[in-house]
Amino acid sequence: MSANMQQDWKHWRLRREDTGLAWLELDKADSSTNVLSSEVMSEFARVLDALDAAPPKALVIASAKPAGFIAGADIEEFSRLDSVLAARMLVERGWLLFNRLAAVPYPTLALIRGHCMGGGLELALACRHRIVVDEPGTKLALPEVMLGIVPGWGGMLRLPALIGPAAALDLMLTGKSVDAKKAKRLGLADDCVPARVMESAARIVALGGKPARKLSAKERATRRAMNGPLRKRVADKARAQAARKVSRTNYPAPFAIVDIWEKYAGNALDVPGSDPSSLDAIFTSPTARNLVRVFHLQERLKAFGKDSDFAPRHMHVVGAGVMGGDIAAVCALRGMTVTLQDQSVERIAPAIARAAKLFERRHKGDARQVRFTLDRLIPDPKGQGVARADVIIEAIFENLEVKRSLFADLEAHARPDAVLATNTSSLRLEDIATALKDPSRLVGIHFFNPVPMLPLVEVVQGEATDAEVLRRATGFVRRIDKLPLPVQSAPGFLVNAVLGPYMLEALRCVEEGVAPETVDAALVAFGMPMGPVELVDTVGLDIAVAAGKALAGEGAEPPAQLLKLVGEGKLGRKSGEGYYRWVDGRAVKGAGKAAAKGGLLGGLLCRLWGTPASEAPPPIPAGLAERVLASLLAATRRCVELGVVADADLADAGVIFGTGFAPHTGGPLNYCESKGQPG
Ligand code: NAI
């Protein structure tokens, strides 16, 4: 085997076997993950030159990083693009380079272990073969749409050609990832193998000289039809599905992807500058800039907790209700041993049943994994886990005296270094903390409902909370893969303090005679994931009254209609009626249509993007959305002024990831700034 002859390469390593097979490994210098920076890409061109000069019998491209194959393009570089011309050049370089890779005369194979995203998948698609390693970390996706851009390095050309346009458009419009088995099933990978045989499998396929995977006769017929008369039909269907989720004004990229596939053979560079699907249109719309901002905000939240090496293994949760049960389940899913305490086994059983369903969904029916995860979730009516736990979270009834006596007891039995946390939404941390001998031990870890779905967790610092306790609590939140937002102890913390006035303002509009459907449609059109009135119904009208009182102060009266409905026992979704009637967990809207959920645009941003508009949207009075939003924007500003969060960016991050606030705006304060209002 001959070693790397081209010593001046910083990021790529080429080895040639005596068999004639060449192994090319990417190991981006000074980085734990492989990203396709300009330097990595131009060096790749030089690698191809070297291979042209002495063509191998076959080439395997792999990663030398344990972290994964390739995470995608370099978003830092992308964020710095300052002109449409620069953006065009970036797209052009990748497009040409991967076309060059696709055209080499020798067989090529991408050996994919770990994440293979965006540009990384486009590189793999330009190879003749792909082998995926069957491990939980192997994930393949084209998530460009989540950053408001399009997969312009050949993804829109090659993915539809390989797996068919319907499946390809679904992946490109949602940005969702597929695991190794699914990649094989879709035809995206030639084979799916265990890690121990990956190299020999790659060698056999690459040297085997087989042509790219053969399509069956049926597949060939479908593809022919897709490229002929059915092409427009498939495109129209994808467009309609996208339009049910988002508007083209707010999110141009998904529509551009469909257009570029349908009319420009997947080549974004061919789209005339005046076309709404052009790179010019995409890069000059504020959406891409704002979604990249959201990405960076998310990275900032992820970085909290990095300064802690706290590695909790045992969690104890007290209270197996809506919140405690789901918190326990999420921790067990993340590999922790969890003891779950409540007043009796009967009260714990429903939480375990709910957890089992969650584990089945997350482990996609892998019965062994489901059982292992369930084994880690231990019903503990006597609270025996308290003495062993690294973290103890309290999620019992919202009652100060009960919580105080519980914490006094927990402190007496817990290990001295265990984190003691409360999930309270509305009680003052300081009032609970004084029940402890050492009040500095108490921290707030405030989850949102539903816990498995919502990424944000507020980590609350009380007046007395010790800095190390705070660090550990934050580290714990990262360990379960949630996004920690450090907040100061203040009524409603950030998220509820912002949502409260917003929901109340929406209810005031209803009180003034605007239909709930109209208020909701106005805010959904703006880009909120759910209208505020439907949100009140979902949260529960009783909770809204209590929260309203707590947040607005004793003087402010909740809307009379809200009190009347609560008086009649109409509490929203949970009682079957509130501002809407609820059937099968869905609000029945005036147009006779319940708002559908889920569907085409999966993934985090997609979930935040919004619910489809109802079929016959009511006319929306001018200024309605602005009026309701004004209360949310003012509340966000207030939280920054009061120091509830450290700065405006964190406020935007919290409101986006905690409420789903229209991501295309880059967050409420960024939105204010773009409108020329004080941020
Ligand atoms: P829940 O009423 O569904 O569950 C509370 C559970 O605690 C019940 O199963 C009850 O039997 C148990 N419990 C009460 N006293 C206990 C004790 N001394 N020892 C052991 N178990 C005891 O309540 P939910 O909604 O789960 O709320 C729990 C906490 O989470 C509250 O502090 C609430 O403010 C907070 N929270 C609630 C959210 C929500 O949307 N429901 C969102 C975020 C926080």
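Residues numbered from 1 in each chain as written. Predicted model: local features only at pLDDT ≥ 70, side-chain atom pairs only at ≥ 80, totals over all residues. Heavy atoms only, no water.

Q: Just checking my understanding: could you explain the domain arrangement of the chain for this structure?
A: Note: interface size is frequently given as the accessible area lost on complex formation between the parts. What the domain assignment lists for the chain is domain 1 (12-284), domain 2 (315-489) and domain 3 (498-545 + 592-674). For domain 1 versus domain 2, the separation of C-alpha centres amounts to 41 Å. (Domains from an automatic or database assignment.)

Q: Sorry if this is basic, but what is going on with the nonpolar core here?
A: Counting residues in hydrophobic clusters, the biggest one holds 78 residues, and the most contacted among them are W12, F44, I61, V150 and L188. The biggest single contributor to this core is helix α1 (residues 38-53), with 7 residues. Dropping the residues within four chain positions of it, I61 is found in contact with W12, L24, F44, F69, L101, L109, A110, L111, L123 and C127. The next biggest cluster of nonpolar side chains, apart from the first, holds 77 residues, and it includes W582, L629, A653 and C672. (Core = buried A, V, L, I, M, F, W, Y, C linked by side-chain atoms within 4.5 Å. Buried < 20%, exposed > 50% of the residue type's maximum accessible area, 1.4 Å probe, protein only. Helix = DSSP H or I, 4+ residues; strand = E, 2+ residues; numbered from the N terminus. Contact = heavy atoms within 4.5 Å.)

Q: What exactly am I supposed to notice about helix α8 (residues 198-208) here?
A: Because an α-helix completes one turn every 3.6 residues, residues spaced three or four positions apart along the sequence face the same direction. Along α8, the residues that are buried comprise M198, A201, A202, V205 and A206. An end-on view of α8 places all buried positions within 120° of arc, on one side of the element. G209 sits one or two residues past α8 and shows a positive phi near 65°. (Arc of directions from axis to C-beta.)

Q: I tried to follow the packing of aromatic side chains on my own but got confused; where do I start?
A: The description of an aromatic ring pair uses the distance of the two centres, along with the angle that the planes make with each other. Following the criterion strictly, the structure yields 5 aromatic pairs and no others. An angle of 85° between the planes, with centres 5.8 Å apart, marks the rings of F98 and W153 as edge-to-face. You can see F98 sitting in helix α3 (residues 84-102) and its partner W153 sitting in the loop between β10 (139-141) and α5 (155-163), a full 55 residues away along the chain. By relative accessible area, F98 is classed as buried at 0%. An aromatic cluster of at least three residues, connected via ring pairs, comprises F526, F661 and Y671. The side chain of R231 reaches across the aromatic face of W261, ending 4.2 Å from its centre. Above the plane of the ring of Y580 lies K589, whose end atom (NZ or CZ) is 5.3 Å from the centre. (Phe/Tyr/Trp six-rings, centres within 6.5 Å; stacked < 30°, edge-to-face > 60°. Lys NZ or Arg CZ within 6 Å of the ring centre and 35° of its normal.)

Q: Teacher, can you tell me more about the sheet that holds strand β11 (residues 178-179) here?
A: One key point about sheets: their strands pair by backbone hydrogen bonds, in either a parallel or an antiparallel sense. The 4 strands lie next to each other as β5-β8-β10-β11, forming an open sheet whose pairing is mixed. Both edges of this open sheet fall to β5 (68-70) and β11, since each of them pairs with a single strand only. Alignment of β10 against β11, held across 2 bridges, turns out to be antiparallel. In the strand pairing of β11, K139 is matched with D179. (Pairing = 2+ DSSP bridges.)

Q: Help me understand the side chain of S308, please; the structure alone is not making it clear to me.
A: Tracing the chain through its elements places S308 in the loop between α13 (286-303) and β13 (314-318). By relative accessible area, S308 is classed as buried at 16%. When residues no more than four places from it in sequence are discounted, the contact partners of S308 are R471, R472 and G475.

Q: How should the pairing of strand β1 (residues 12-16) be read in this particular structure?
A: In the sheet, β1 pairs with strand β2 (residues 21-26) via 5 bridges, with the strands oriented antiparallel. Each bridged residue has a counterpart across the sheet, and for R13 the counterpart in β2 is E25. Count of turn residues in the β1/β2 antiparallel hairpin: 4 residues, of which G20 carries a positive phi of about 100°.

Q: Explanation requested: the environment of A102 in the structure shown.
A: With respect to the helices and strands, the residue A102 is situated in helix α3. A C-alpha to C-alpha distance of 4.7 Å links A102 and A126, two positions 24 residues apart in sequence. With near-sequence residues (within four places) excluded, A102 lies in contact with A126 and R158.

Q: Would you mind showing me how to read the sheet that holds strand β12 (residues 191-193) here?
A: Sheet architecture is open: 6 strands sit in the order β1-β2-β4-β7-β9-β12, paired in mixed fashion. A single partner strand is all that each edge strand has here, and the edge strands are β1 and β12. Taken pair by pair, the neighbouring strands of this sheet meet at an average axis angle of 20°, ignoring direction. Two strands pair when backbone bridges link them, and β2 and strand β4 (residues 58-63) are joined in this way by 6 bridges, in the parallel orientation. Within β4, the position partnered with L26 by the bridge is S63. Contacts from α1 reach β1, β2 and β4 within the one sheet, and its direction differs from that of β1 by about 20°. (Axes fitted to C-alpha atoms, helices over the stretch in contact; angles between N-to-C directions.)

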